[in-house]
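Chains, contacts and geometry: an overview
Take a look at the letters that make up each chain.
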Amino acid sequence: MRSESTRANAKESDAPLLQVRGLTHHFPARGGRHRIVHALENVSFTLTHGRTLGLVGESGCGKSTCARCIVRILNPSAGQVLLDGQDITHIPQKRLLPVRRKMQMVFQDPYTALNARMTVRDIVAEPLRAQRSYSSGETREMVGEMLSRVGLTREHENRYAHELSGGQRQRVGIARALILKPALVLCDEPISALDVSIQAQVINLLRDFQQELGLAYLFIAHDLSMVRYVSDSVGVMYMGELVELSDGGDLYTRPLHPYTQGLLESIPIPNPRVARENTARGLTGDIASPIDPPPGCRFHTRCPRAAARCKSEPPLLKEAAPGHWTACHLV
Amino acid sequence: MTMQYKNYDVSHNPGGDEPLLTIRNLRTSFFTGAGEIAAVRGVSLTVRRGECLGVVGESGSGKSVTFLSALRLLAPAGRVMGGEIRFQGRDLLNMRLKEMREVRGARIAMIFQDPLSSLNPLIPIGKQVDEMLWAHEKNLTARQRKDKTLELLTKAHIPEAERRYGSYPHEFSGGMRQRVMIAMALACKPDLLVADEPTTALDVSIQNQILRLIKSLQSEMGMGVAFITHDLGVIAQMCTRVSVLYGGLVMEDAAADDLFDRPLHPYTEGLLTSMPSLMQDRSIRLSPIPGSPPDMSAPPSGCPFAPRCAHARNICVSQMPPTYTYADGRQSRCWLHSHDAPAFDNPYRDIRGTAVPDEEAL
Ligand SMILES: Nc1ncnc2c1ncn2[C@@H]1O[C@H](COP(=O)(O)OP(=O)(O)OP(=O)(O)O)[C@@H](O)[C@H]1O
Ligand SMILES: Nc1ncnc2c1ncn2[C@@H]1O[C@H](COP(=O)(O)OP(=O)(O)OP(=O)(O)O)[C@@H](O)[C@H]1O
Ligand code: SF4
Ligand SMILES: [Mg+2]
Ligand SMILES: [Mg+2]
């Protein structure tokens, strides 16, 4: 007994829950057999029990691809995913059920992620039913409780997904992901479809679950204030690569990568007088093609500080300050 | 004195200032297995030429349904129960369907909240934009249409438009699909753009570029924009005026500056305080408005916000508050503006002179 509980404690505190090593994913591209979309390139990070890693970056930079490789909706082209020390990179789909119990995902697009032919109650109950270890009474009760925790009422239970507003659908997706009380939840833009008050409710809810159950989150979002608020560490991606990673709030006060700096400058400020004067700030230029990524640093085509070296030599992710990594030649 | 008067005159542009879009007292319901859902219960708002109206509000408050009603694109279960919608002086609700289609393509464009379900999964995206152009500019040659398509995709920041022309929607990231929608909406140079959460799937830097693009079209072509968003930062950057919806009603209508300076409705105030700032202390819990929105299949007879409102009194629960209008044009639907409201613990009464309640409610 005793040894077991100490083991559990040790597990909670420091053993990594999720280890991602050199994760890479290439999609086949149109127009030629050998052309590929370099969607995710050699991404590595570690997430401990009960912690939150925020992931931000340009639209199309590979955040969803990363999450989808981790939950094995996609099979990574290279690299490894370890969950609780177990290598799950190549487990066959039919043996993924116990893995799903530990790891769930909230999908980015609340419109297509939910089955249109199922009622809200059935959508949320589905993961419970798949595990086959709950009675129908238990299931009903758990579904009801979870829906009320995400701010939906009994009245919504019999509705179909298309009868809900965007934000209501997103909360159904969150309820579904949390109902098994997994150890890890990959949240792909869980709040962008919600109004700010419900965003705050959902964030408080995610934090409560984290404190109660020691959940860990991979939190993908565009709202940098929210990401800062929820995350213990934050990673920034650009064109499939991790370009900056920082434990603690350093990333916001001392961004090292020029892309991160541009991103922070683009944040809209919720004050009309300031916002109007600030419209010229932020990054400009077009994103390069993920089919033919630029040589050297992939950001050099838009970087205001790019030097000759940046155009030929890819920078490596290195620890520039304690707990703060970046991939830029100038740091 | 005269100068001031003149200024006032110019900015108000009397006569030439008939709004582009006027929605008056719109009521829309859905009829489902669970009964009638009163999604929109009397919404009035206007969008002027060259103006960007921000539409914010609780999720499920009827923002999308209001504009889908105006474009007559409601789901089959939805029905407009009452009200009036005028666009460039024409009655949209009673227009023949054929005419409505023309207006929809050529004069009004909408960027939908759900990009994936509004793109056809079986058709390459370039082809979809091309078809959109074909429908509206029949005199273009195939070559011209393709060039124009590529130009539009590039303008909407799709990298390498030429190569991506033949890609299918599922091969695009969430944000890229949204940008395709933007390209399609701008294809026909509309007079009115209804943008329903057009940038939610975009990162802040692309968002910033798209917002600038919409803004430049707005000022170059005098396009009117109705911008539905949850992001108050985006509202601050884009909009001159804001309508705040809750429970299928407009709760507050104000110039953006005024709204951020001092909300006049308890719900708006709740929204503004829910938002974390960039330097929010991580150990402090966020303070959302407690409780949940009303059940629209049995809408409350009183103020829909009453169960969650810190200022609610008996009358709020039993009777619908009228919309009060202040001398400067600001409007707020809340009993606290009534001259019968108590002065004690009431931050909203008499701060801006006397407010006039609308007649409909009297
Ligand atoms: N099925 C697919 N086939 C081909 N390319 C794909 C496919 N899915 C995604 N991609 C490409 O992979 C890249 C990364 O896409 P991903 O969806 O991971 O981006 P993201 O960071 O989640 O972006 P967003 O913030 O817009 O959701 C994009 O260039 C996208 O076009
Ligand atoms: N097809 C439908 N059938 C039944 N009810 C619907 C349908 N579409 C919308 N509704 C209901 O109408 C109400 C208003 O929905 P609407 O989509 O306008 O909300 P919204 O303000 O746009 O919210 P969000 O910010 O979440 O997109 C909601 O309560 C929703 O559940
Ligand atoms: S009418 Fe009453 S309940 Fe509604 S917002 Fe005003 S004070 Fe609150
Ligand atoms: Mg994504
Ligand atoms: Mg909507």
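In the block above lies the structure referred to throughout.
To start, this report covers the structure provided alongside it. (Residues numbered from 1 in each chain as written. Chains lettered and ligands numbered in written order. Predicted model: local features only at pLDDT ≥ 70, side-chain atom pairs only at ≥ 80, totals over all residues. Heavy atoms only, no water.)

Our focus in this paragraph is the environment of leucine 186 of chain A. Residue and element names in this part refer to chain A. Assignment of secondary structure puts leucine 186 in strand β7 (residues 184–188). Judged by its relative accessible area of 0%, leucine 186 is buried. Separated by 33 residues in the primary sequence, leucine 186 and phenylalanine 219 place their C-alpha atoms 6.3 Å from one another. Apart from residues lying up to four places away in sequence, leucine 186 is in contact with Ala67, Ile70, Val71, Met103, Gln104, Met105, Val106 and Leu218. (Helix = DSSP H or I, 4+ residues; strand = E, 2+ residues; numbered from the N terminus. Buried < 20%, exposed > 50% of the residue type's maximum accessible area, 1.4 Å probe, protein only. Contact = heavy atoms within 4.5 Å.)

Further remarks concern the packing of aromatic side chains. Residue and element names in this part refer to chain A. Summed over all chains, the structure comprises six aromatic pairs over all chains. Each ring, one from tyrosine 238 and one from phenylalanine 299, has its centre 4.9 Å from the other, and the planes form 80°; the classification is edge-to-face. On the criterion of sequence distance, the pair formed by tyrosine 238 in strand β9 (residues 233–238) and phenylalanine 299 in the loop between α11 (272–277) and β11 (318–321) is long-range, its members being 61 residues apart. Both residues of the pair, tyrosine 238 and phenylalanine 299, belong to the buried class. A centroid spacing of 5.4 Å and a plane angle of 65° characterise the contact between tyrosine 259 and phenylalanine 299, whose relative ring orientation is edge-to-face. In this pair, tyrosine 259 is assigned in helix α10 (residues 258–265) and phenylalanine 299 in the loop between α11 and β11, connecting sequence segments 40 residues apart. Judged by its relative accessible area of 1%, phenylalanine 299 falls in the buried class. (Phe/Tyr/Trp six-rings, centres within 6.5 Å; stacked < 30°, edge-to-face > 60°.)

Taken together, the four strands give an open sheet; going across it, the order is β2-β1-β4-β5 (chain B), and neighbouring strands pair in antiparallel fashion. Looking at which strands have only one partner, the edges of the open sheet turn out to be β2 (35–47) and β5 (90–91) of chain B. (Pairing = 2+ DSSP bridges.)

This brings us to the pairing of strand β10 (residues 241–247) of chain A. All names here are of chain A. Of all seven residues in β10, five are buried, a share of seventy percent or more. Sheet analysis places β9 next to β10, joined by six bridges and oriented antiparallel. Paired with valine 234 across the two strands is serine 246, which belongs to β10. Taking the residues that link successive antiparallel strands as the turn, the β9-β10 hairpin has two residues, and the phi of methionine 239 there is positive, at about 45°. Summarising the sheet, β10 and strand β12 (residues 324–326) pair through three bridges and their orientation is antiparallel. Bridge assignment links leucine 245 to a residue of β12, and that residue is tryptophan 325.

Residue and element names in this part refer to chain A. Because side chains alternate across strand β6 (residues 103–106), one face comprises the buried residues Met103 and Met105, and the other comprises Gln104 and Val106, equally buried. Bridge count for β6 against β7 is four bridges, and the pairing is parallel. Within β7, the residue paired with valine 106 across the bridge is cysteine 187.

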